[in-house]
Amino acid sequence: MAKRRKNGLYSEISDELSALMRTGWADTERHDLQPDEQAPYAARRRAALSARFPGERLVIPSGNLKARSNDDTYPFRPHTAYVHMTGDQARDGALVLEPRADGGHDAYCFQLPRDERNSNEFWIGYTAELWMGRRRTLAEAERVLGLPCRDVRTAASDLAAGGSVPTRIVRGVDPALEAAVTTDEERDFELEEALSELRLIKDDWEIGELRKAVDSTVRGFTDCVAELSRAVATSERWIEGTFFRRARVEGNSVGYGSICAAGEHATIMHWVQNDGPVRPGELLLLDAGVETRSLYTADVTRTLPVSGTFTEVQRRVYDAVYEAQEAGMAAVKPGAAYRDFHEAAQRYLAERLVEWGFIEGPADRAYELGLQRRFTMAGTGHMLGLDVHDCAEARTEEYVDGVLAPGMVLTVEPGLYFQPDDLTVPEEWRGIGVRIEDDLLVTEDGHENLSAGLPRTADEVEAWMARHAG
């Protein structure tokens, strides 16, 4: 029975109302649905996963609604591995790969079917279909996903009944399904590693989605420049709202909390409060990405002079970060070590910091000791895809200690951050934060900058702002 509100205004349901609600509904089964364009790609991904775990059952849940406050829930976002392996975004589902005797697997999906109209469940309670919107029938889901679909309400008992089959599950996603199977934590983590590693190289469909995400993001950044005067009149939240509008109109949402950091907030790596003033003469660091309706996200950063032109010190910092990014991007090519782009950018920034007298040289020694990290703080990039920090559970030897290959998509994002209370730098440098971030696709002969539609040099940024700033 659906959960009732303790202080709901209706305490009883008359038999007459119940009967009225169960009658007079049209048959809305959709027979015109076609397989999702991602379906054949998802099938190939499942085949690759199957080959890694012969003879074992694999369970990849989509996840459940999470409470935001009382009975209000966060917008549902399915688990990344589930999306990657199915193309589906339904809540309370699960992909199961059932082992066959020949070492392969039969795949099927547990789905939450439509609420039947012959009970009160479809219209009572805040998760009922009449309140939250129509779901697919199991037959509809099968046509769209290209997978057999079963009623998820029997999933726990069905999985528990197959207790003798060696099973792995993605943990921390669906407590009920996790409780229904007997697994081993270490072996489950190996499944999560494999799922992350299968996302390291994007297929053609995924690259197309990332292009869409980046192109929308470029338009979102231009929107923010065009409304910069409104942000000056209000706060960083105007920038946040402006970019979010583009993300919602053209995609699903933002791929992560937008960082709209003006003034000294630009020195805070993950400033997401976005409630500070936007003042002429200071910098605005905008780190944001549109997430497509298929849930692939861009991740781009530009640092903009609010008044339209950089001051002398701001430009010195900006040019150093730009040149470091150039050095890092030049190292992105197939066969290169993943760490090469990071090391190239960080070594360049260490040289500038020694030159400016902010850390003790020589530069090679400063870099080996990591002294530049006082001002660079973070690494220089990460994998990108369905997650903004994609492939995060991949084995270290396959990721940061691995080698770049065509089809990988990663960010290159060096930065310099001079904290407002840092007495080791001159006063005019304090409170300046600069980051430049682009999304790069590794190609057969080098790389492609997917976010090249946005300016990068200081002169280009100033000219772009002059054209668009309101």
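On a predicted model such as this, the values are computed, not experimentally measured, just so you know. (Residues numbered from 1 in each chain as written. Predicted model: local features only at pLDDT ≥ 70, side-chain atom pairs only at ≥ 80, totals over all residues. Heavy atoms only, no water.)

A.B. asks: With reference to specific residues and values, describe the sheet that holds strand β4 (residues 94–99).
C.D. replies: Strand order in this open sheet of five strands is β6-β5-β4-β1-β7, and the pairing throughout is mixed. Looking at the sheet topology across the chains shown, the edges are occupied by β6 (149–151) and β7 (167–169). Strand-to-strand twist across the sheet, computed as the mean angle between neighbouring axes with direction ignored, equals 25°. Relative to β4, strand β1 (residues 57–61) is paired through four bridges, and the arrangement is antiparallel. Bridging across to β4, Pro61 finds its partner in Ala94. Sheet contacts for helix α5 (residues 138–145): β5 (105–111) and β6; angle to β6, the most-contacted strand, approximately 150°. (Pairing = 2+ DSSP bridges. Helix = DSSP H or I, 4+ residues; strand = E, 2+ residues; numbered from the N terminus. Axes fitted to C-alpha atoms, helices over the stretch in contact; angles between N-to-C directions. Contact = heavy atoms within 4.5 Å.)

A.B. asks: So what about the nonpolar core? Which residues, and what values?
C.D. replies: Of all hydrophobic cores here, the largest spans 66 residues; its most connected members are Leu416 and Phe418. If one sorts the elements of this core by residue count, helix α9 (residues 204–226) sits on top with nine residues. Apart from residues lying up to four places away in sequence, Leu416 is in contact with Val317, Ala320, Val321, Leu349, Leu353, Trp356, Phe375, Thr376, Ile432, Gly433 and Val434. Counting 22 residues, the second largest nonpolar core, distinct from the first, contains Phe53, Leu58, Leu145 and Leu195. (Core = buried A, V, L, I, M, F, W, Y, C linked by side-chain atoms within 4.5 Å. Buried < 20%, exposed > 50% of the residue type's maximum accessible area, 1.4 Å probe, protein only.)

A.B. asks: Before we move on, could you go through unusual backbone geometry and cite the residues and values that matter?
C.D. replies: In this structure, the amide linkage connecting Gly361 to the following residue, Pro362, adopts the cis form with an omega of 0°. Structurally, Pro362 can be placed in the loop between α13 (339–356) and α14 (363–369). Positive phi, close to 55°, is recorded for Asn70, a residue that is not glycine. Despite not being glycine, Met377 has its phi angle at roughly 65°, a positive value. Examined against the element boundaries, Met377 turns out to sit in the loop between α15 (373–376) and β13 (409–412).

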